[in-house]
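Survey of secondary and tertiary structure
Here are the chains, one letter per residue:
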Amino acid sequence: MRITEIVYDTGQPVDGYGPGFFRLGGDERAGPLAVLPGGPVAWSGWPEHQIFLENADRIDVLLAGMGADIAVLDPEIQAALEAAGIGVELMASPSACRTYNILLAEGRRVGLAALPL
């Protein structure tokens with residue numbers, strides 16, 4: 001078996017997460033986490049979604065980690081994101097972080113909006 005290290009050319013992967021925090025690029029961040037193709041941005045959680053709309057030309061899909069379980073996103077917010085051309089995938093935050101890392105490694109134009117556990 002051949003093992004090669006993954007290289008993340010377009011951003012930082014999520015290194016870990018736990019109750020109330022995420023670890024990104026070795027730095028622990030408390031509270032909600034938002035990551036755009038250029039890196040992490042300040043975000044206080046839903047309904048603050050303008051940051052994603054402003055970067056719609058850089059994101060093909062936004063992985064919305066809704067916490068410990070899958071939850072419904074406000075339909076108006078989801079409609080606004082989709083109208084801007086951003087595909088929205090709702091999932092639990094652990095799944096969103098793992099999927100984000102995979103898509104990031106593939107060089108995809110992906111964003112992450114994750115609520116802590």
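Keep in mind it's a predicted model, so treat the numbers as computed, not measured. (Residues numbered from 1 in each chain as written. Predicted model: local features only at pLDDT ≥ 70, side-chain atom pairs only at ≥ 80, totals over all residues. Heavy atoms only, no water.)

The next point concerns the sheet that holds strand β4 (residues 33-36). With respect to topology, 5 strands assemble into an open sheet ordered β5-β4-β8-β6-β7, the strand pairing being mixed. Strand pairing shows two members of the sheet lacking a second neighbour, β5 (39-41) and β7 (87-91), which therefore form its edges. Each neighbouring strand pair of the sheet contributes to a mean axis angle of 25°, computed without reference to strand direction. Pairing between β4 and strand β8 (residues 110-114): 3 bridges, direction antiparallel. Within the sheet, the bridge partner assigned to Ala34 lies in β8 and is Ala113. (Pairing = 2+ DSSP bridges. Helix = DSSP H or I, 4+ residues; strand = E, 2+ residues; numbered from the N terminus. Axes fitted to C-alpha atoms, helices over the stretch in contact; angles between N-to-C directions.)

With that settled, the discussion passes to unusual backbone geometry. Between Trp46 and Pro47 the backbone carries a cis peptide bond, its omega angle lying at 15°. Positionally, Pro47 belongs in the loop between β5 and α1 (50-54).

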